[in-house]
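A look at the structure
Each chain is listed here by its residues.
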Amino acid sequence: MDHLKPAEAAPDRNLALDLVRVTEAGAMAAGRWVGRGDKNGADGVAVNAMRSMINTVAMNGVVVIGEGEKDDAPMLYNGENVGDGTGPECDVAVDPIDGTTLTAKSLPNAISVMAVAPRGSMYDPSAVYYMEKLITGPEAADKVDIRLPAAENISIVAKAKGLDIEDVTVCVLDRPRHDALVNEIRQTGARIKFIQDGDVAGGITAARPGSGVDLLLGIGGTPEGIITAVAMKCLGGVIQARLTPVDDDERQRAIDAGHDLDRILHTEDLVTGDDCFFVATGITTGNLMRGVRYGAGSATTESIVMRSRSGTIRTIRSEHQLHKLAAFSTID
Ligand code: VTB
Ligand code: MG
Ligand code: MG
């Protein structure tokens, strides 16, 4: 049976289509909680739905990024074994809901998202919850530099895309910590698309042609940054990041954990190699995908499924018959 080893060692191309069922399950569970004003309740049902589905996937996964610590949410916890244990050895990064507040308030761009890569290939984000990010698409991917002022990166992106500065739109999380950045961007004449939450969707939008967004700048979650790195590998875009401790305690913890806070983390540092998968399903409708829609006894989901090695980007619209999927009626 030795001849089977190489095939088993690397994630198989069919994995992507199995994985999407996991984020579909998360989104369908969360979809019932849209607008209910209870972000932890929504996160809880999404975690449970994903956890039961993920264990049917033929992989030997370990959760290396399970959200929860920063947002104090229930987790698919770090170190948890996931998958049916039969397939390739993988690192799994999961965010059952990126945008719990978006879900609770029925605002756009909440997604259920997961990334998978060979074991050991994802950056260990522990100890520092936030990072400064620069994300853009293939055109300017090898020209931008997070160490430069925002104005310079905006002009690099404009030039690479053949745009006037005024045509460039920068996605920024709407937070007081970004006040200076917002001023700097506005002085260039570029426009800003503010997002309330959800910089995974925001980052992908920045790398997708025709999305109306050209660049993402600002400080967001470290786990989301690593998930975004997988997406960038598939899309040919780039993420550059710098760990950003929020206070002295976090700074010290980061240094003790061996992080070099001056280091620029490139896409390749956040996930090494070229054999990774990204799947996301819309919870609320946004720029990338429509959210979950319910009909009589049915639900329709839209997902994006990407594989880095092939570069294939699939949009999958699925119609689910809920009476046949009793496991998803999580609201009762
Ligand atoms: C960031 C962003 C996420 O939460 O982590 C943000 O990356 C948290 O920022 O996409 P604050 O602590 O300032 O709220 C999200 O928006 C959602 O998890
Ligand atoms: Mg989350
Ligand atoms: Mg998140």
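Details of the structure are given in the entry above.
Residues numbered from 1 in each chain as written. Chains lettered and ligands numbered in written order. Predicted model: local features only at pLDDT ≥ 70, side-chain atom pairs only at ≥ 80, totals over all residues. Heavy atoms only, no water.

1. Here we look at the overall build of the protein chain
Helix and strand counts for the protein chain stand at ten helices and 14 strands. On C-alpha atoms alone, the protein chain measures out to a radius of gyration of 19 Å, which is about the 20 Å that the 2.2 N^0.38 rule sets for 332 residues. Within the protein chain, the fraction of its 332 residues that count as buried is 55%. When the accessible area of the protein chain is evaluated, it comes to approximately 13900 Å², of which 47% is carbon and sulfur surface. Seen as two clouds, the 33 positive and the 47 negative side-chain charges of the protein chain have centres 6 Å apart. (Helix = DSSP H or I, 4+ residues; strand = E, 2+ residues; numbered from the N terminus. Rg over C-alpha atoms; globule rule 2.2 N^0.38 Å. Buried < 20%, exposed > 50% of the residue type's maximum accessible area, 1.4 Å probe, protein only. Areas by Shrake-Rupley, 256 points an atom, 1.4 Å probe, with all protein chains shown as cover. Lys, Arg positive; Asp, Glu negative; His and termini not counted. Charge placed at Lys NZ, Arg CZ, Asp CG, Glu CD.)

2. Describing helix α6 (residues 179–188)
Listing the buried residues of α6 in full gives L181, V182, I185 and T188. Taken down its axis, α6 places every buried residue within 120 degrees of arc, on the same side. Residues of α6 that are exposed and angled more than 90 degrees away from the buried face: A180, R186 and Q187. Looking at the buried side of α6, the elements it contacts are α5 (150–161), β6 (169–173), β7 (191–195) and β8 (215–221). In the stretch just after α6, G189 is the one whose phi turns positive, near 100 degrees. (Arc of directions from axis to C-beta. Contact = heavy atoms within 4.5 Å.)

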